[in-house]
Amino acid sequence: MDILPILSTLRRHKITSWLLILEIALTCAIVCNAVFMIGHRLQHMRMSSGIDEHALVQVQVADIAPSPDIYARAKEDLAVLRQIPGVQAVAMTNQLPLGGSSSNASVKLDPTQRQPILSAGTYFGRDLPQTFGARLVAGRNLKPEEYIDADIAIKALATGDTKGLPAVAVVTQALAQRLWPGQNPLGKSFYLTDTVSLRVVGVLAGLARANAHDDATAQYTMILPLLMGAGKDQSYILRTRPQDRAAVLKAAVAALKKADPLRVVTRQRTYDDVRHEFFANDRAMAGILVGVIVALLTVTALGIVGLASFWVAQRRRTIGVRRALGATRGHILRYFQTENFLLATFGIALGMLLAYGINLFLMLHYELPRLPAFYFPVGAVALWLIGQLAVLGPALRAAAVPPVVATRSV
Amino acid sequence: MFGYYLDLALRSLKRNKALTVLMVLAIAVGIGASMTTLTVMHLLSGDPLPGRSGTLFYPQVDPDPDPSPNHQPYDMMDYRSAQELWSAHRADREAMVTSSQLRLTASHLNLPPLMAQMLSTTSDFFPMFDVPFRYGGGWTAEDDRSRARVAVISSDLNDKLFNGADSVGRTLRLKDSDVRIVGVLAPWRPSPQFYDVAGGRFSNGDTAGFYQRPEDVFVPFQSSLEINAGGFQPFTCWSMPGDPAHLQNSPCVWVALWVQLDSAAKVAGYRRFVADYAAQQKALGRFVHADNTQLRSLMGWLDFNQVVPSDVRLQTWLALAFLLICLFNTVGLLLAKFLRRAGEIGVRRALGASRAAVFAQCLVEAGLIGLLGGASGLLLTLFGLWLVRSQPVEYADLVHLDTTMFLATFALAVVASLLAGVLPALRASRMPPGLQLKTL
């Protein structure tokens, strides 16, 4: 089909053509960026926690009536929980991967260093890798004799006595790679303060931090041989078979209440709920973005239908003349399809520039990465398709115009 | 003439129902989406204390002993700095605040114990922030000094424990201490919960937590330190705390200080006072960064913490872009519609109608579409706000359509559709009448 006559017709409808082109351009730009943002959120939501998620439940209790020995209390609680039928392992932890509230420490490789290299999540508690199901890829787990009660460690910190301080740690592969790129981390040391020096004895495949908002630093965590006393910020983690989780959770709450009726259970949930809650905002935003894309494409398609119908009605006589002069129905159909394709192409070309501009703005204000190039053709194909679908109805109506129209005066 | 144009517009709209519905829907959807997000934006970015916020300030000092230059002082204060600045009483009013969690029981009420949020503060808090009381009132400065075991409770807690009855004089058990209720707040829901705002710049835009409800229990600062000893959390520490149970002498920041300064001279005076205090602390060897002090206004502090969640801002941009696309759509359709009536317009022009008259007639039609779109957009806005309310976010219960936004919805719809109508109407009125008549 010759496109020159189409272009000359469009030139006579400059404003309407430009409006359609601008509408398509803006839609294309927003759809490209919205699809990209959805992808970004979905990828964030797929973040690995590094643990055996479907086998874990969490119970958090608060404010036990003044217990003379919170360490003994914690031991008793753990013993009670271990008795529950179906429980495979139990641990007390100060935080959960993707759990929200976090405990972090600044990491230095040299104690005299002014600025720490990074901040890493610090897990405290016995049997954590085993209970979590975090995979050890090198070295060993922390040994029971390496554990130190937190209050002893705090006293040691105040007095500068290194004997009461933890000396070893298990770190994640991601943290090890960041601190010692390409080297074997086992046996290497890092510092949390001037006096706390930790030697790496084990490396975990992965263990996400509690506040894993940034994908790049999400796996920067370590486990320290510190024992915490029972308290409102500690959680009991129970490992069980996935189908037993509900029963185990109920039994665990009952057992903890029985051990001390004065305590308040502030949280009881499966780990699946933990993940669900952590990404609730991202899920909602992704849903909103999908809604925006659907609404935008619908509005644009309806706009194309409206304008194409108008053009067809306006050109009824011309179409009749062309039919009378020998143009087939196919010619008329293709004329309108090509016209729409041309408009969509102009719009898409403009939309790409705009999409790039919007992406630059988002990179500046929302810390989004650069829009990968393959999103551009995705947006283009989507708009070409929408355009062709929208114009099909009016174009078929145009093709149905009988040649006899040409002979009628009005 | 307006009535006649209105009649013409109605006839024209009825003639092509599908096109009319399409235009009205496009405007309605655009208005609905943008007004939903703008309403949320309006509620979240508003002034929590209109008329008052200009006199409230948030002093900051920098107790970090690390000599490397810090860009910003900590978001909160260490206990000693806050206590010393507070007890100097250099401002018109001033209140220390810190929030903690503790067990609350009302044993005689036969209710299970619950974990309550407690705000530790000083007596000026209530008059300074215009906190409304339903029963009783705040405590006195004397209560602050004498570490009185008194408390003010929120209206939510009063409803839960006492079914909304006057509970002044009743006793609550906070952890292991009894406190006497001296006041019950009327429902109070500042947006954001400004006096607890801190650390916004570290939250990656996820700041919905700043919009949670105020605490359940308000207790004099010194009394609360005794009642909930060991229950306070530091905001951050510059070195390991020796005794995490008692933060008073710890190297940690965990107390916020708010001051009310009623005139510009007093603001300048207080700024000088904070700077002098920091210099004096440097002389004593406690501070290193004496010049790193701040005195931000309430709104300045909220801006600094970027309290509006970044997702909400992003949604607003999206919705406005969406409205723009809907408008392009409407302009195109109106243009098509008016130009199709070229013959009719030609006849009117030939019979003596001026360009202005044709223009006015077209604008009336565009405005009518805008009104219809605005009305449907309002329904969509209400639906959108209902959707926001059903989301699990802290500010969900704040979201409602107030009169301002209700009127703004209609204004936006009509202005938008008039704007959309200007270009098509202009084109229609410029058509030479002769040309159109010839084709008839």
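Just so you know, these numbers come straight off a predicted model, no measurement behind them. Sequence positions are assigned chain by chain, starting from 1 and proceeding in written order. The lettering of chains begins at A and the numbering of ligands begins at 1, in the order of writing. Local features in this predicted model are restricted to residues whose pLDDT is 70 or higher, and side-chain atom pairs enter the listing and the counts only when it is 80 or higher, whereas totals over whole chains, interfaces and linings include all residues. Based on all heavy atoms of the structure, the side-chain values leave hydrogens and waters out of the count.

Working definition: rings of Phe, Tyr and Trp (its six-membered ring) pair if their centres are within 6.5 Å, and the pair is stacked with planes under 30 degrees apart, edge-to-face with planes over 60 apart, and tilted otherwise. As enumerated under the stated definition, the model contains 35 aromatic pairs over all chains in all. Judged by centre distance (4.7 Å) and plane angle (25°), the rings of Phe374(A) and Tyr375(A) are stacked. Ring centres 5.1 Å apart and planes at 85° place the aromatic pair Phe126(B) and Trp139(B) in the edge-to-face group. Taken together, the positions of Phe126(B) in helix 4 (residues 125-128) and Trp139(B) in the loop between strand 4 (133-136) and helix 5 (141-145) put the pair 13 residues apart, joining distant regions of the chain. Take Phe126(B): its relative accessible area is 3%, and that puts it in the buried class. Exposure categories follow from relative accessible area, calculated using a 1.4 Å probe and restricted to protein chains: below 20% of the type maximum is buried, above 50% is exposed, and the middle band is partly exposed. You can call Trp139(B) buried: its relative accessible area is 5%. Ring-over charges, as used throughout, are those where CZ of Arg or NZ of Lys falls within 6 Å of the ring centre and within 35 degrees of the ring normal. In this structure, Arg126(A) packs its charged tip against the face of Tyr147(A), placed 5.3 Å from the ring centre. The side chain of Arg296(B) reaches across the aromatic face of Phe304(B), ending 3.8 Å from its centre. Runs of H or I in DSSP of at least four residues are treated as helices and runs of E of at least two as strands, each being numbered from the N terminus.

Moving on, we get to the nonpolar core. The tendency in soluble globular proteins is for nonpolar side chains to be buried side by side. Residue and element names in this part refer to chain B. Put simply, a nonpolar core is a bunch of buried Ala, Val, Leu, Ile, Met, Phe, Trp, Tyr and Cys residues held in one set by side-chain atoms that sit within 4.5 Å of each other. The biggest cluster of nonpolar side chains holds 150 residues, and the ones touching the most others in it are Phe125, Phe129, Tyr195, Phe218, Trp258 and Tyr395. Broken down by element, this core gets its largest block of residues, 17 residues, from helix 10 (residues 310-340). For Phe218, the contacting residues outside a window of four places in its chain are Leu119, Phe125, Phe126, Trp139, Val150, Ala151, Val152, Leu185 and Tyr195. Within the second largest apolar cluster, 47 residues are counted, among which are Tyr79, Met96, Phe232 and Ala278. Only heavy atoms enter the contact rule, under which two residues are in contact if any of them lie within 4.5 Å.

Turning our attention to the domain arrangement of chain B. Residues and elements named next belong to chain B. Reported domain spans reflect what an automatic or database domain assignment gives. Its domain assignment divides chain B into domain 1 (2-45 + 309-439) and domain 2 (53-304). With centres defined by C-alpha atoms, the gap from domain 1 to domain 2 works out at 49 Å. Summed over both sides, the interface of domain 1 with domain 2 buries roughly 840 Å², with 53% coming from carbon and sulfur. Computed with a 1.4 Å rolling probe, the buried area is the accessible surface lost when two parts are put together, summed over both parts. The largest per-residue losses of area from domain 1 upon contact with domain 2 belong to Pro309, Glu394 and Leu398, which jointly make up 52% of the total buried on that side.

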